[in-house]
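So you can see what is in the structure, the chains are spelled out below.
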Amino acid sequence: MEFFFKKKGLRVRVAALIRNRKGEILLLQQKKKDAYYWLLPGGGIEFGESAEDALKRELKEELSLDITSANFLFLNESIDPKGNRHLLQLVFLATVKKQDPTVNLKEKAITGFGYFPLGAVLEMDIRPDIKDFLSSGKYKPAPFIRSQWVYDK
């Protein structure tokens with residue numbers, strides 16, 4: 001099943017909305033081809049891994065950040081009009097033990113990072129584009145249902 005999703009270009013990603021004491025939002029900069037853009041920290045969910053475990057792993061691997069809490073905010077779906085890619089992004093409001101990230105030097109995709117005030121974020125090239133959600137400045141958790149797998153007897 002995992003092969004099918006990769007073949008069709010479906011990617012499921014987790015992302016963390018992390019704010020510092022000033023309310024600024026942590027963003028990472030990446031470069032693909034000749035374009036620089038910004039995104040919330042996070043990454044892909046591995047098969048059999050829960051969304052919250054993936055979020056913890058990605059923040060630890062990329063930025064040496066330890067999550068103390070994560071509350072689901074929203075699901076963002078982005079589909080390439082050319083039909084090449086389909087992204088589902090689960091965004092969590094996260095708090096971390098220390099607010100100063102340290103980028104793992106093995107993470108070649110990350111070209112920069114920083115905390116930015118909301119006004120600046122709304123002017124940046126954010127991918128996927130979630131600026132409509134961010135513009136409210138009010139981030140309230142939404143239901144996130146975890147179910148146990150039940151086997152038929």
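This one's a predicted model, so the numbers in the text were calculated from it and none came from an experiment. (Residues numbered from 1 in each chain as written. Predicted model: local features only at pLDDT ≥ 70, side-chain atom pairs only at ≥ 80, totals over all residues. Heavy atoms only, no water.)

Under the feature "domain: Nudix hydrolase" (unreviewed entry), the UniProt entry names residues 9–147. Each end of residues 9–147 is marked by a C-alpha atom, and these two atoms are 26 Å apart; helix forms 15% of the span and strand 40%. (UniProt positions renumbered as here; feature names shortened; annotations may be inferred. Helix = DSSP H or I, 4+ residues; strand = E, 2+ residues; numbered from the N terminus.)

Let us look at the confidence of the model for the protein. Mean pLDDT over the protein works out to 90, with 95% of the residues at or above the 70 mark. In the predicted structure, residues 1–6 sits below a pLDDT of 50 and forms 2 contacts with residues beyond four places in sequence or in another chain. (pLDDT = per-residue confidence, 0-100. Contact = heavy atoms within 4.5 Å.)

To continue, consider the pairing of strand S6 (residues 86–96). The element S6 is extensively covered by neighbouring structure, given that 8 of its 11 residues are classed as buried. When strand S5 (residues 67–79) meets S6, the two strands line up antiparallel, connected through 11 bridges. Bridge assignment links Phe72 to a residue of S6, and that residue is Phe92. Connecting S5 to the antiparallel partner S6 that follows it, the hairpin turn spans 6 residues, and Gly83 within it adopts a positive phi of roughly 80°. (Buried < 20%, exposed > 50% of the residue type's maximum accessible area, 1.4 Å probe, protein only. Pairing = 2+ DSSP bridges.)

Counted at 1.5 Å a residue, the expected span for helix H2 (residues 51–63) with its 13 residues is 18 Å, and the 18 Å between its end C-alpha atoms agrees. By the burial criterion, the buried members of H2 are Ala51, Ala54, Leu55, Arg57, Glu58, Leu59, Glu62 and Leu63. Among the structural elements, strand S1 (10–17), strand S2 (25–32), strand S4 (42–44), S5, S6 and strand S7 (110–116) are those in contact with the buried residues of H2. Just downstream of H2 lies Ser64, where phi reads positive at about 55°. (Expected span 1.5 Å × (residues − 1).)

A few words now on the layout of surface pockets. When its volume is computed, the largest pocket comes out at roughly 670 Å³. Lining the largest pocket are 24 residues, with Lys32, Tyr37, Arg85, Leu87 and Arg127 positioned closest to its centre. Elements with a minimum of two residues in the lining of the largest pocket: S1, S2, strand S3 (35–39), S4, H2, S5 and S6. Grouping the amino acids of the lining of the largest pocket by side-chain chemistry returns 7 nonpolar, 7 polar and 10 charged. (1 Å grid on protein atoms, 1.4 Å probe; cavity = no way out; pocket = protein on both sides within 12 Å on 5 of 7 lines; lining within 4 Å. Points joined across faces, edges and corners; volume = space filled by probe spheres on them. Nonpolar A, V, L, I, M, F, W, Y, C, P; charged D, E, K, R; others polar.)

On to the pairing of S2, then. Both faces of the sheet carry side chains from a regular strand, because those side chains alternate between them. S2 sits mainly inside the fold: 6 of its 8 residues count as buried. As defined by bridge partners, S2 adjoins S7 across 6 bridges and the pair is classed as antiparallel. For Leu28, the partnering residue across the bridge sits in S7 and is Phe113. Judged from the 5 bridges that link them, S2 and S3 form a sheet pairing that is antiparallel.

Here we have 3 strands laid out as an open sheet, ordered S3-S2-S7, and antiparallel in their pairing. Whereas interior strands pair on both sides, the edge strands pair on one side only; in this sheet they are S3 and S7. Across the sheet, the mean angle separating the axes of adjacent strands is 25° when strand polarity is ignored. (Axes fitted to C-alpha atoms, helices over the stretch in contact; angles between N-to-C directions.)

One can find Ala70 in strand S5. Taking the relative accessible area as the measure of exposure, Ala70 reaches 22% and is therefore partly exposed. Ignoring any residue separated from it by four or fewer positions in sequence, one finds Ala70 in contact with Glu52, Leu55, Phe92, Leu93 and Ala94.

On the secondary structure map, Arg127 appears in the loop between helix H3 (118–121) and helix H4 (131–134). Separated by 97 residues in the primary sequence, Arg127 and Gln30 place their C-alpha atoms 9.9 Å from one another. If sequence neighbours within four positions are ignored, Arg127 has contacts with Ala35, Tyr37, Trp38 and Leu39. Side chain to side chain, Arg127 and Asp125 meet in a polar contact 3.1 Å long. (Polar contact = N/O pair within 3.5 Å; in protein donor to acceptor, adjacent residues only side chain to side chain.)

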